[in-house]
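# Analysis of the macromolecular model
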Amino acid sequence: MIEILNTLVSLDLFKEFFCCDLDKCHGLCCVEGDAGAPVTPDEVEMLEEAYEKLHEDLPLQAQQQIEKEGVVYPDKEGELVTQIINGKDCVFAKHEGACALCAIDSAYRNGKFHWQKPISCALYPVRLSTVGGMTAVNVHKWDVCQPARKLGAALHLPVYQFLKEPLIRRFGQAWWDECDIAARELKNAGYLD
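What you are looking at is a predicted structure, and each value in this text was computed from that prediction instead of being measured.

### Overview of the packing of aromatic side chains
The geometry of an aromatic ring pair is captured by two quantities: the separation of the ring centres and the angle between the planes. Here the structure, examined in full by the defined rule, presents five aromatic pairs. Among the aromatic residues, those joined into a cluster by ring pairs are Phe14, Tyr160 and Trp176. Taking NZ or CZ as reference, Lys164 lies 4.5 Å from the ring centre of Trp176, over its face.

Shown next as structure tokens:
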């Protein structure tokens, strides 16, 4: 790990390749797993607003789950996560053909909502944790994202470059610029291909 502006950054951010391949994975990250997407307390209000604005775009089961339980719940570690249906589908997932898409992200991209989606979703495969009072930035490896790793490798697209926009959203431009400098220095020192 290296320190970048008060964060601890895994070298995997520079070494691993990634590029979402929705044609191959079909959005499984929105419907697999044992809990919803991690959310910050500040994002709960945005999720509630998203539900008010987009509830008609969501499946009936999702609407019922949110009406009954709210947009988030604490997972087994006590962290807030989005509600899920039947122990897997995020309540904000909508199915279009064979693909699961985020209703919030779709609305944002179509100019129908002002917020993109929870930062944990935007940052995936990066996961954040706290280590010694600092934010640790790690790359999570999940089987459903094998097509993304394969496409990223074919494009030679490191995780930090694939996630430029959400990393800037979370940490700021200066932080990302330092990552870019670190990547060049690591490459020049022979740590990266």
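### Considerations on the layout of surface pockets
The volume enclosed by the second largest pocket comes to roughly 240 Å³. Taken together, 14 residues form the lining of the second largest pocket, with Phe14, Pro158, Lys187, Leu192 and Asp193 sitting closest to its centre. Looking at the lining of the second largest pocket, the elements that each hand over two or more residues are α1 (12–15), α8 (159–162) and α10 (173–188). In terms of residue count, α10 provides more of the lining of the second largest pocket than any other element does, four residues in total.

### Details of the side chain of Gln116
With respect to the helices, strands and loops of the structure, Gln116 is situated in the loop between α5 (103–109) and α6 (119–123). When neighbours within four sequence positions are excluded, Gln116 is seen to be in contact with Ile104, Asp105, Tyr108, Arg109, Glu165 and Arg169.

### Focus on empty space enclosed by the protein
Summed over the entire model, instances satisfying the criterion amount to one cavity of 30 Å³ or more. Considering only enclosed or pocket space, the largest cavity measures out at about 30 Å³ in volume. Lining the largest cavity we find Glu16, Phe17, Phe18, Pro125, Val139, His140, Lys141 and Arg149.

### Some remarks on the pattern of salt bridges
Considering all chains together, one arrives at five salt bridges under this definition. Between Asp21 and Lys24 there is a salt bridge, and its shortest N-O distance comes to 3.8 Å. With relative accessibility at 14%, the residue Asp21 sits in the buried group. What makes Lys24 exposed here is its relative accessible area of 56%.

### Details of unusual backbone geometry
The amide bond that connects Tyr124 to the next residue, Pro125, takes the cis arrangement and shows omega of 20 degrees. For Pro125, the location among the structural elements is in the loop between α6 and β9 (126–131). Phi is positive for Leu5, which is not a glycine, with a value near 45 degrees. Residue placement: Leu5 occurs in the loop between β1 (2–4) and β2 (7–9). Although it is not a glycine, His26 adopts a positive phi angle of roughly 60 degrees. Looking at where His26 falls in the secondary structure, it is placed in the loop between α2 (22–25) and α3 (41–54).

### With respect to the sheet that holds β9
Taken in spatial order, the four strands make up an open sheet running β1-β2-β10-β9, and their pairing is mixed. The sheet is open, and its two edges are formed by β1 and β9, each paired on a single side. Here the strands of the sheet are splayed against their neighbours by 30 degrees on average, with no regard to which way each runs. Here β2 runs beside strand β10 (residues 134–139); their pairing, made up of three bridges, is parallel. Bridging from a neighbouring strand, Leu8 pairs with Ala136 of β10. Relative to the sheet, helix α9 (residues 164–171) contacts β2, β9 and β10, its axis offset from that of β10 by approximately 170 degrees.

### Points about α10
Between its terminal C-alpha atoms α10 stretches 23 Å, which fits the 22 Å expected from 16 residues at 1.5 Å a residue. If you check which residues of α10 are buried, you get Trp175, Trp176, Cys179, Asp180, Ala182, Ala183 and Leu186. The buried residues of α10 all sit within an arc of 160 degrees when viewed along its axis, so they share a single face. With respect to the buried face of α10, the exposed residues turned more than 90 degrees away are Glu185 and Asn188. Looking at the packing, one finds that the buried side of α10 touches β1, β2, α1, β10, α8 and α9. Just downstream of α10 lies Gly190, where phi reads positive at about 90 degrees.

Parameters and conventions
Along each chain, numbering runs from 1 in the same order as the chain's sequence is written. Only residues with pLDDT of at least 70 get local features here, since the model is predicted, and only at 80 or more are side-chain atom pairs given and counted; chain-wide, interface and lining totals rely on the full set of residues. Where side-chain values are given, they derive from all heavy atoms of the structure, hydrogens and water being excluded. Whether two aromatic rings pair depends on their centres lying within 6.5 Å, for rings of Phe, Tyr and Trp, where Trp uses its six-membered ring; planes under 30 degrees apart make the pair stacked, over 60 edge-to-face, and the rest tilted. In our convention, an over-ring charge means Lys NZ or Arg CZ found within 6 Å of a ring centre and within 35 degrees of that ring's normal. Every definition here rests on a 1 Å grid over the protein atoms only: cavities are sets of points where a 1.4 Å probe fits but cannot get out, pockets are open sets enclosed by protein on both sides within 12 Å along at least five of seven lines, and lining residues have some atom within 4 Å of a point. Grid points are joined across faces, edges and corners, and a volume is the space filled by probe spheres set on the points. Numbering of helices and strands runs from the N terminus; a helix is a DSSP stretch of H or I covering at least four residues, while a strand is a stretch of E covering at least two. Note on contacts: a residue pair is in contact if any heavy atoms of the two residues lie within 4.5 Å. Salt bridge criterion: a side-chain nitrogen from Lys or Arg within 4 Å of a carboxyl oxygen from Asp or Glu. Here the term buried applies to any residue with accessible area under 20% of the maximum for its type, exposed to any over 50%, and partly exposed to those in between, with areas from a 1.4 Å probe on protein chains only. Paired strands, in this sense, are two strands between which DSSP finds at least two bridges. Only C-alpha atoms enter the line fits that serve as axes; for helices the fit covers just the stretch in contact. Angles between N-to-C directions range over 0 to 180 degrees. Expected span, for any helix, means 1.5 Å times one less than how many residues it has. Read the arc as the range of directions from the helix axis to the C-beta atoms.

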